[in-house]
Amino acid sequence: MREALVVGGANGIGLAIATLFAGDAEYGKIYIVDRVDVDPKYAHAKFEYRNFDLRSEDFSLFDEFKGVDTLMITAGFGRLAHFADVEESHIVDSFSVNTTAVIRIIHHFYDRLLGEGDFYCGVMGSIAGFLSSPLFAVYGATKAALKIFIESVNVELEMSGSKNRILNVSPGSIKGTSFYKGDNDLSLTIQLAQDIVDNLKARNDLFIPMYDEVFREVLERYHSDFRAEGRHSYEYKMSSGRVKK
């Protein structure tokens, strides 16, 4: 039986993806690594929880998952705020969790990515990693670093002859998650989770949800005039009421 590991699988889109894996007869065990356990109302017999803080120094835990052939990393956090209002500790923790931890985890599984066998790997990035994101500057920087890392390593995998790839999932805001202090709602996240799993199985290297509907135009505006698009992004976020003036 196949085994999957979902880092950050106790909440949000990670929980939805873990739930889909659990419902797939091919998978026998779904490991969930997170700082908190899955809410009992979302529990599944296939789930096996491991407590871990991605700010830790020791990542040897990730050497224990010998049977895993599917790795999905969805853990991460961000905060809408002016850079002047961001504490230095937030900067350090953001890169530790959103960027460094992801790269370290992939390093622990890299022999399987390079190998001849099937290994499916996906990372939750953000559209904020593709363009300037005022009021989300630190978060966007952590995701931009991941974007370049994934693109670079995928070329190395290709040139090595491996058929495996790392999927960069880069959405905008997602409803039904706890990212903005909300509640988990699988009814709002399960379709996106299915789209992610489909792209993962297809070994695609990039998936931007709502690309044709929204982000193609946004990215075109950004590349045409990144300063003007930055101002537009700033005004949109300020008018959302999620940022204190």
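Counting restarts for each chain: residues are numbered from 1 in the order of the written sequence. Totals for whole chains, interfaces and linings use every residue, but because this is a predicted model, local features are given only for residues with pLDDT of at least 70 and side-chain atom pairs only at 80 or more, for both listing and counting. The side-chain figures draw on all heavy atoms in the structure; neither hydrogens nor water molecules are used.

A look at helix H2 (residues 88-108)
- The numbering of helices and of strands both runs from the N terminus, where a helix is a DSSP run of H or I of at least 4 residues and a strand a run of E of at least 2. Under the convention used throughout, the expected extent of a helix is 1.5 Å for every residue step, that is, one less than its residue count. In this model, H2 (21 residues) spans 29 Å end to end at C-alpha, consistent with the 30 Å of a helix rising 1.5 Å per residue.
- We call a residue buried when its accessible area falls under 20% of the maximum for its residue type, exposed when it is over 50%, and partly exposed in between, using a 1.4 Å probe and counting protein chains only. Regarding H2, the residues found buried are His90, Ser94, Val97, Asn98, Thr99, Ala101, Val102, Ile105 and Ile106.
- Any two residues whose heavy atoms approach within 4.5 Å are treated as being in contact. For H2, the elements touching its buried residues are strand S1 (2-7), strand S4 (68-73), helix H3 (110-114), strand S5 (120-124), helix H4 (137-160) and strand S6 (166-169).

Considerations on helix H6 (residues 211-224)
- Within the span of H6, buried status applies to Phe215, Val218, Leu219 and Tyr222. Viewed along the axis of H6, the buried residues span an arc of 95°, placing them on a single side of the element. Opposite the buried face of H6, by more than 90 degrees, sit the exposed residues Asp212, Glu213 and Ser224.
- As for H6, its buried residues are in contact with helix H7 (226-239). Here, the arc refers to the directions that run from the helix axis to the C-beta atoms.

Section: the side chain of Ser170
- Within the secondary structure, Ser170 is located in the loop between S6 and helix H5 (186-201).
- In protein, a polar contact means a hydrogen-donor-capable atom and an acceptor-capable atom, both N or O and within 3.5 Å, with residues adjacent in sequence counting only if both atoms are side-chain atoms; elsewhere, any N or O pair within 3.5 Å suffices. In this structure the side chain of Ser170 is engaged in a polar contact, spanning 3.4 Å, whose partner is the backbone nitrogen of Ser126.
- Setting aside anything within four residues of it in sequence, one finds Ser170 in contact with Gly125, Ser126, Ile127, Phe130, Phe207, Ile208 and Pro209.

Re the sheet that holds strand S2 (residues 27-34)
- Strand pairing is defined by DSSP finding a minimum of two bridges between the two strands. Strand order in the open sheet formed by seven strands is S3-S2-S1-S4-S5-S6-S7, with parallel pairing between adjacent strands. Among the strands making up the open sheet, the edge pair consists of strand S3 (47-51) and strand S7 (206-207).
- As paired strands, S1 and S2 are joined by six bridges and run parallel to one another. Looking at S2, one finds that Ala4 is bridged to Ile30.
- Where helix H1 (residues 12-22) meets the sheet, it contacts S1, S2, S3, S4 and S5, and its direction lies at approximately 165° from that of S2. Comment: axis = line fitted to C-alpha atoms, over the contacting stretch for helices; angle = value between 0 and 180 degrees taken between N-to-C directions.

Overview of the packing of aromatic side chains
- Ring pairs are drawn from Phe, Tyr and Trp, using the six-membered ring of Trp, whenever the two centres fall within 6.5 Å, and their geometry is named by plane angle: stacked under 30 degrees, edge-to-face over 60, tilted for the rest. Enumeration according to the criterion identifies nine aromatic pairs in this entry.
- Pairwise contacts between aromatic rings join Tyr31, Phe52, Phe59, Phe62 and Phe65 into one cluster.
- Lying across the ring of Phe130, Lys147 places its NZ or CZ 5.0 Å from the centre. Both a distance and an angle decide whether a charge sits over a ring: NZ of Lys or CZ of Arg must be within 6 Å of the ring centre and within 35 degrees of the ring normal.

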